[in-house]
Amino acid sequence: EKQGFKHYMLKEIYEQPGVVRTCLEYYLRDDWRPDADFSPIKLNLSPALLADLEQVQILACGTSWHAGLVGKYLLEDLAQIPTSVQYASEFRYAPPPVTRQTLTIGVTQSGETADTLAALELELHRRANLRSELQPRLLGITNRPESSLGHLVSEIIDTHAGIEIGVAATKTFVAQLLAFYLLALDLAWQRQTLDHSRLGAIIDQLRQLPAQVEQILESQERYIETLSHDFADTQDFIFLGRGINFPIALEGALKLKEISYIHAEGYPAGEMKHGPIALLDAKVPVVTIAMPGIVFEKVLSNAQEARARDARLIGVTPMEEQEARDTFDALLPVPEVDELLSPILTVIPLQLLAYHIAARRGLDVDQPRNLAKSVTVE
Ligand code: M6R
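All of the points below concern the structure found in this document.

Quick notes on the rules
- Residues numbered from 1 in each chain as written.
- Predicted model: local features only at pLDDT ≥ 70, side-chain atom pairs only at ≥ 80, totals over all residues.
- Heavy atoms only, no water.
- Helix = DSSP H or I, 4+ residues; strand = E, 2+ residues; numbered from the N terminus.
- Contact = heavy atoms within 4.5 Å.
- Salt bridge = Lys/Arg side-chain N within 4 Å of Asp/Glu carboxyl O.
- Buried < 20%, exposed > 50% of the residue type's maximum accessible area, 1.4 Å probe, protein only.
- Expected span 1.5 Å × (residues − 1).
- Pairing = 2+ DSSP bridges.
- Axes fitted to C-alpha atoms, helices over the stretch in contact; angles between N-to-C directions.
- Parallel < 35°, antiparallel > 145°, perpendicular 65-115°, else oblique.
- Left-handed = near helix turned anticlockwise from the far one by under 90°.
- Nonpolar A, V, L, I, M, F, W, Y, C, P; charged D, E, K, R; others polar.
- Near = heavy atom within 4 Å.
- Polar contact = N/O pair within 3.5 Å; in protein donor to acceptor, adjacent residues only side chain to side chain.
- Areas by Shrake-Rupley, 256 points an atom, 1.4 Å probe, with all protein chains shown as cover.

## Concerning the side chain of Ser 147
Phase 1: Topologically, Ser 147 is positioned in the loop between β4 (137-142) and α7 (148-152).
Phase 2: Filtering out sequence-adjacent residues up to four positions away, Ser 147 remains in contact with Ser 110, Gly 111 and Glu 112.

Take a look at the structure:
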């Protein structure tokens with residue numbers, strides 16, 4: 001069943017080019033051109049769900065919450081809709097006041113996470129009861145449309161990622177990210193917030209992602225495996241990113257702590273100087289995501305601040321960037337793409353890094369201690 005892979009997690013990491021390809025095949029219209037009078041995306045959602053939205057709120061846990069953070073960035077940047085992202089477990093006991101026409105999105109790969117389901121149920125009932133003109137609008141993003149989530153909400157984006165067995169989410173995360181790209185682009189088209197040539201350019205770049213993910217897997221796995229030997233005794237890791245790659249820093253840290261039991265923290269790189277920099281010394285590696293774009297120079301200078309504390313610097317960055325090459329001690333190269341699309345690529349080396357560090361330590365990668373694939377209790 002593992003098809004020659006040592007663990008399901010590694011198999012699922014390798015399934016990602018196919019997952020991205022399948023999801024795009026389902027939802028991108030081949031006949032769309034920038035001058036077309038229809039959306040390039042076919043999500044099959046009812047028009048009433050998305051009409052006249054004033055805000056979006058995303059409810060999720062763990063890795064799905066990280067996907068939601070990327071989603072917020074996309075919905076705000078592409079479709080100009082104010083978006084909040086909340087831990088479902090927090091939302092349950094402190095939901096914000098009901099005010100405007102809101103789309104509530106529950107993101108869960110299993111479709112069975114108790115906190116996420118309860119938060120969605122709460123939203124459904126309180127909107128229906130409190131203000132009749134503000135009918136609840138609920139959307140689920142999942143790879144398990146047959147799950148409890150599927151019964152609770154009437155509209156679903158099925159990511160078509162299939163069942164995931166490894167407790168550490170990998171392919172389902174990448175598929176959730178894609179769902180947010182598609183939703184944000186569809187809303188951008190409906191609300192006319194994006195120039196059609198930019199929309200066309202983003203779609204062209206989405207189509208290149210499967211090959212780019214493949215390229216990262218092919219070119220880097222062996223190197224990352226070797227690099228993982230250096231962290232046999234490491235006790236702490238820091239992950240830095242900014243903007244749309246800040247959630248990927250959080251995700252890199254979560255993957256590592258979950259399966260290797262190494263303490264890892266993700267931070268927005270600009271926050272380092274407000275406290276976490278005190279942790280740094282030669283024993284704490286710092287993994288930095290530095291993609292050309294609006295925060296590129298800033299992130300590099302944040303990484304250089306870490307170097308001044310003797311930290312070992314590992315960079316997820318394009319090979320072409322000389323300044324980045326000079327900044328980092330070890331490089332995990334990714335193709336140079338539009339910053340907006342980069343999370344789907346930058347997360348791949350971080351998954352491999354977490355996997356190889358844990359596998360090297362001889363740990364049970366697919367079933368880490370204290371964790372379950374679906375958290376069906378509060
Ligand atoms: O099934 P869900 O997406 O609702 O699960 C949420 C979290 O429990 C899950 O993402 C957890 O953080 C993973 N083990 C992360 O790898």
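## Structural notes on the environment of Phe 231
Phase 1: The residue Phe 231 is located in the loop between α9 (196-228) and β6 (236-241) in this model.
Phase 2: Distance from Phe 231 to Arg 360, taken between C-alpha atoms, is 9.3 Å for residues 129 residues apart in sequence.
Phase 3: Contact partners of Phe 231, with chain neighbours within four places excluded, come to Phe 237, Pro 285, Arg 312, Ile 314, Leu 353, Ile 357 and Arg 361.

## Some points on the pattern of salt bridges
Phase 1: Applying the stated rule across the entire model yields 17 salt bridges.
Phase 2: Where Glu 123 meets Arg 127, a salt bridge forms, and the shortest distance between an N and an O atom there is 2.7 Å. Of this pair, Glu 123 and Arg 127 both sit in helix α6 (residues 114-130), four residues apart, roughly one helical turn.
Phase 3: The salt bridge partner of Asp 230 is Arg 312, with a shortest N-O separation of 3.0 Å. With Asp 230 in the loop between α9 and β6 and Arg 312 in the loop between α11 (296-307) and β9 (313-317), this residue pair connects regions lying 82 residues apart in the sequence.
Phase 4: Here Asp 230 falls in the partly exposed class, since its relative accessible area comes to 43%.
Phase 5: The exposure class of Arg 312 is partly exposed, given its relative accessible area of 27%.
Phase 6: One salt-bridge network, held together by shared partners, links Lys 11, Glu 15 and Lys 171.

## So, helix α10 (residues 246-260)
Phase 1: In this model α10 runs 21 Å from its N-terminal to its C-terminal C-alpha over 15 residues, within 8% of the 21 Å that 1.5 Å per residue would give.
Phase 2: Most of α10 is tucked away, with 12 of its 15 residues classed as buried.
Phase 3: Residue Tyr 261 follows α10 closely and has a positive phi angle near 65 degrees.

## Focus: the sheet that holds β9
Phase 1: Read across the sheet, five strands follow the order β7-β6-β8-β9-β10 without closing on themselves; strand pairing throughout is parallel. At either margin of the open sheet sits one strand with a lone partner, and together these are β7 (263-268) and β10 (330-333). Within the sheet, the average angular offset between the axes of one strand and its neighbour, ignoring direction, is 20 degrees.
Phase 2: Here β6 pairs with β7 via six bridges, running parallel. Across the sheet, the residue bridging to Ile 238 is Glu 265, located in β7.

## As for the packing of helix α8 (residues 171-191) against α9
Between two packed helices, what matters for the description is the angle formed by their axes and the separation of those axes.
Phase 1: One can describe the packing of α8 onto α9 by two numbers: an axis separation of 11 Å at closest approach and a directional angle of 160 degrees. Judged by the angle between their axes, α8 and α9 are roughly antiparallel. Handedness of the crossing formed by α8 with α9: left-handed. Residues Leu 178, Tyr 181, Leu 185 and Trp 189 of α8 form the contact with α9, whose participating residues are His 196, Leu 199, Ile 202, Ile 203 and Leu 206.
Phase 2: Split by residue class, the contact of α8 with α9 holds eight nonpolar, one polar and no charged.

## Quick notes on the site of the ligand
Phase 1: Around the ligand sit 14 residues in total, of which Ser 64, Thr 108, Ser 110, Thr 113 and Glu 258 are the nearest.
Phase 2: Thr 63 has a polar backbone atom sitting 3.0 Å from an oxygen atom of the ligand.
Phase 3: The contact in question runs from an oxygen atom of the ligand to an N or O atom on the side chain of Lys 255, over 2.9 Å.
Phase 4: Calculation on the ligand without its partners gives an accessible area of 410 Å², and the protein chains cover 91% of this total.
Phase 5: Taken together, the elements giving at least two residues each to the shell around the ligand come down to α4 (62-79) and α10.
Phase 6: Classifying every residue of the shell around the ligand by side-chain character gives five nonpolar, seven polar and two charged.

## Structural notes on the packing of α4 against α8
Phase 1: It is the contact of α4 with α8, at a shortest axis distance of 9 Å, that shows an interaxial angle of 20 degrees. Considered as vectors, α4 and α8 are oriented roughly parallel to each other. Considering how the two elements wind past one another, α4 and α8 form a crossing that is right-handed. Note on element contacts: α8 touches α4 through Phe 173, Gln 176, Leu 177, Phe 180, Tyr 181, Leu 183, Ala 184, Leu 185, Leu 187, Ala 188 and Arg 191, opposite Thr 63, Ser 64, His 66, Ala 67, Gly 68, Val 70, Gly 71, Leu 74, Leu 75, Leu 78 and Ala 79.

## Looking at the sheet that holds β4
Strands belonging to one sheet form pairs held by backbone hydrogen bonds; the direction of such a pair is parallel or antiparallel.
Phase 1: Here five strands make up an open sheet; going across it, the order is β2-β1-β3-β4-β5 and the pairing parallel. Across the chains shown, the open sheet's two edge strands, defined by having one partner strand only, are β2 (83-87) and β5 (155-158). Neighbour-to-neighbour, the strand axes of the sheet open up by a mean angle of 20 degrees, direction not taken into account.
Phase 2: Here strand β1 (residues 55-60) runs beside strand β3 (residues 102-107); their pairing, made up of five bridges, is parallel. Following the sheet pairing, Leu 59 is matched in β3 by Gly 106.

## Comments concerning the pairing of β4
In the case of a regular strand, side chains alternate between the two sheet surfaces.
Phase 1: Taken across its six residues, β4 has six buried, putting it largely inside the fold.
Phase 2: Where burial is concerned, the two faces of β4 agree: the one with Arg 137, Leu 139 and Ile 141 and the one with Leu 138, Gly 140 and Thr 142 are both buried.
Phase 3: Sheet topology note: the β4/β5 ladder contains four bridges and is parallel. When the bridges of β5 are listed, Gly 140 appears paired with Ile 156.

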